[in-house]
Structures are given as C-alpha cells and as structure tokens.
Amino acid sequence: RSGIQAGAFAGRSLREALRADERGIMGRARLSSVGRFPLLVKFLDAAEHLSVQVHPTPAFAEITPGAHVKSESWIVLHAEPGARIWRGVRPSVHRDEFERCLRTGGDIVPLLVEVPVRAGDRIDLASGLCHALGGGITVAEVQTPSDTTYRVFDWNRNDPARPLHVAQAMACTMFGAAQQLERYPVENMHEMSALHTRQFRTTLVSATEHYRIERVEATEAADLPVITHHRPCAWMVLAGRVRFDGPTPFDAGPWRTVLVPASAEGLTAHLDAGTVLLRAAVPDPMDRWMA
C-alpha cells in the first residue's frame, strides 16, 4: 500500500486524505461504488511470466458479492527482445474446449492470442478479457480500483498460496467476437498522432469510459499550467523532473507518481527539458452527456 510522500497530506494514506478533504481532491469526479479513489496506477516489472487471469465482467460483478469490474491499460516502458503478452482467447476456440483444458490441467497457452510487444506499446484490457503479462516487460498500469482477479493458469508453479479459480474464470471469460480484439488493437504511442506546440508534444494514448491517458513530453524546459477540469488526475513521471509550486512545493523524478487533486487548478508545474510523463485523468460525470 502506497503512502503520500509530499504535499499537504504527506505521511498519510490516500484513504485518510480523502476523508479529510474529499471535495478538494475529487472535485466533480466520484469515488467508486465502494468509496475508493476511482483510479489505481502502478509500475509493474515482470521478471517472469505473470499468471494468466481474468477480471469480472459487469454482469458477473452485479450478481456476485465482493466482485468488482477491473479494466486496465498497460503502457510498455521496456521489453526484452522476444517479449510478449497474451491477450484474449483465439477466435476459433470455443468455450467448451477452453473449459475442458482448464479442468484437465492441459496447456491453455496455445489457446490464447500471443502478442509480441516493444517499448511504447499500449494494451487496453477490458474486464472479461483473459490476459497475462510476459516476463522481461516493465509497464505503467492504469486501472479501475478493483482487486478481484481470477487466476486461470499459473505456469505450473503449483503454489498452494496461489490457487486457480476455474469456475469464476469460466463465468467471466469472453470468447469469440465478444472480445472485440479488433476494436481495441495494440498500438504504439510513439506512432500515434500527437499535438505539437513549441514546448510540448502531447499524445492521447488511451480513452476508455473509466479513464483517459495522455503522454506529455517537454521538448524544452517549460512551465505547464495545471488544468484539472475540476477532477483529479495522476501524473506518472517516466523521465526528467517535474517541480510544483504552491503552498507546499515539491518535485518528482522518474518512477514517481503525483496525484494532482481537483483543487490544484491554477498551479504551475515546471518541467525540465526531456521530461516525459503519463497523465491519467478521471472522467467527468458529465462526459457521457456531451458529444
């Protein structure tokens, strides 16, 4: 569990900060259905393959106590040669075949869609999509705040502390066209269209109903006005350094994440030349009513 290291709430947890000033942090945004901050961001460094897993679909979560939807996006920061992920079940594989393989202890990896990845790739993973992060990959992950994970396959580790969840996984896993793999392809953020200004290069990396992720690069030392649109966002610093002014000034270097509260509107961030960050924003409740 991460604590707050700088700013007005230094030394406290995010939950404690929300209790103290929910309106200042959240603005127009809303907490999750169970009162949690609506985003979870992290850096993941996979030295070996992580388990094949799936997260609850909305339909399953609605009828299952304690289950919560978990949609996530990976932005690949580093990938060893030959690195790969698994994303989705092959379109030709039927539910019965998949379940039979799980229940008999067969090798399900050939039934999954294997995707080679490289630095810069963005992978969107909706709830219900079977997936695994391969070894030799470091990612920035942005997700909805859910811990509900059903383990499908654990690379034959046979660890009693890491049980499989076959029944739950089969109730959640999407197959065939329902996965919409073509609609959400793996794309590289360095090849996406970007907005260029004199000092910044900004790329919309991912936009889902749960969050919006932008890559911001300072092409020279620059001041960046903090615009929150009255909702919080997270800045994940990948390179360079960001310094914030205000009543409690602080700075953040690589591998640091800054929670920018809704009330930070009007502050200024000072970015060194070459600074790169990912900005993950919480959707505005009004977005769904606006074209």
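Calculation notes
- The numbering scheme is per chain: residues are counted from 1 as the chain's sequence reads.
- Restriction of local features to residues with pLDDT of at least 70 applies here, the model being predicted, together with a cutoff of 80 or more for giving and counting side-chain atom pairs; totals for whole chains, interfaces and linings are based on all residues.
- Side-chain calculation: all heavy atoms of the structure are included, whereas hydrogens and water are not.
- Working definition: helices are DSSP H or I runs of at least four residues, strands are E runs of at least two. Numbering for both runs from the N terminus.
- Each radius of gyration is computed over the set of C-alpha atoms, and the globule rule expresses the reference value as 2.2 Å times the number of residues to the power 0.38.
- Between buried and exposed lies partly exposed: a residue is buried under 20% and exposed over 50% of the maximum accessible area for its type, with that area taken using a 1.4 Å probe on protein chains only.
- Two residues form a contact once any of their heavy atoms are found within 4.5 Å.
- Shrake-Rupley sampling with a 1.4 Å probe provides the accessible areas, and residues are treated as covered by the protein chains on show and by no other component.
- We count Lys and Arg on the positive side and Asp and Glu on the negative side, and we leave His and both chain ends out.
- Taken as the charge location is NZ of Lys, CZ of Arg, CG of Asp or CD of Glu.
- The directions from the helix axis to the C-beta atoms form the arc being described.

**Student:** Got a minute to help me understand the overall build of the protein in this structure?
**Tutor:** Helices and strands together make up the secondary structure of the protein, namely four helices and 20 strands. Against the compact-globule benchmark of 19 Å for 291 residues, the protein has a radius of gyration of 20 Å, which places it among compact chains. If you line up the protein on its principal axes, its C-alpha atoms span 60 × 40 × 40 Å. Scored against the burial criterion, the 291 residues of the protein give a buried share of 46%. For the protein, the share of sequence-separated contacts (at least 6 apart) that also reach a separation of at least 24 residues comes to 75%. In the structure as shown, the protein presents an accessible area of about 14800 Å², 51% of it carried by carbon and sulfur atoms. For the protein, the distance from the average site of its 32 positive side-chain charges to the average site of its 33 negative ones is 3 Å.

**Student:** Quick question: what am I supposed to make of unusual backbone geometry here?
**Tutor:** As a rule of thumb, non-glycine residues mostly have phi less than zero, and peptide bonds are mostly trans rather than cis. The backbone of Asn158 shows a phi angle near 55°, a positive value even though the residue is not glycine. Along the chain, Asn158 turns up in the loop between β9 (150-153) and α4 (166-172). Accessibility expressed as a relative area gives 71% for Asn158, which makes it exposed. Phi is positive for His229, close to 55°, though the residue is something other than glycine.

**Student:** Hey, could you run me through helix α3 (residues 95-103) in this one?
**Tutor:** Owing to its 3.6 residues per turn, the α-helix aligns residues three or four sequence positions apart on the same side. Along α3, the positions that sit buried rather than exposed are Phe98, Cys101 and Leu102. One side of α3 holds all its buried residues, which, seen down the axis, span an arc of 100°. Across from the buried face of α3, at angles greater than 90 degrees, the exposed residues are Asp96, Arg100 and Arg103. On the buried face of α3, the contacting elements are β4 (84-89), β5 (112-116), β9 and α4. Looking one or two residues past α3, Gly105 carries a phi angle of roughly 75°, positive in sign.

**Student:** Hey, could you run me through the environment of Ile4 in this one?
**Tutor:** Here Ile4 lies in the segment before α1 (14-26). What makes Ile4 partly exposed here is its relative accessible area of 24%. Sequence separation between Ile4 and Leu259 is 255 residues, and the spatial gap between their C-alpha atoms is 9.0 Å. When residues no more than four places from it in sequence are discounted, the contact partners of Ile4 are Phe9, Ala10, Gly11, Arg12, Ser13, Leu14 and Ala17.

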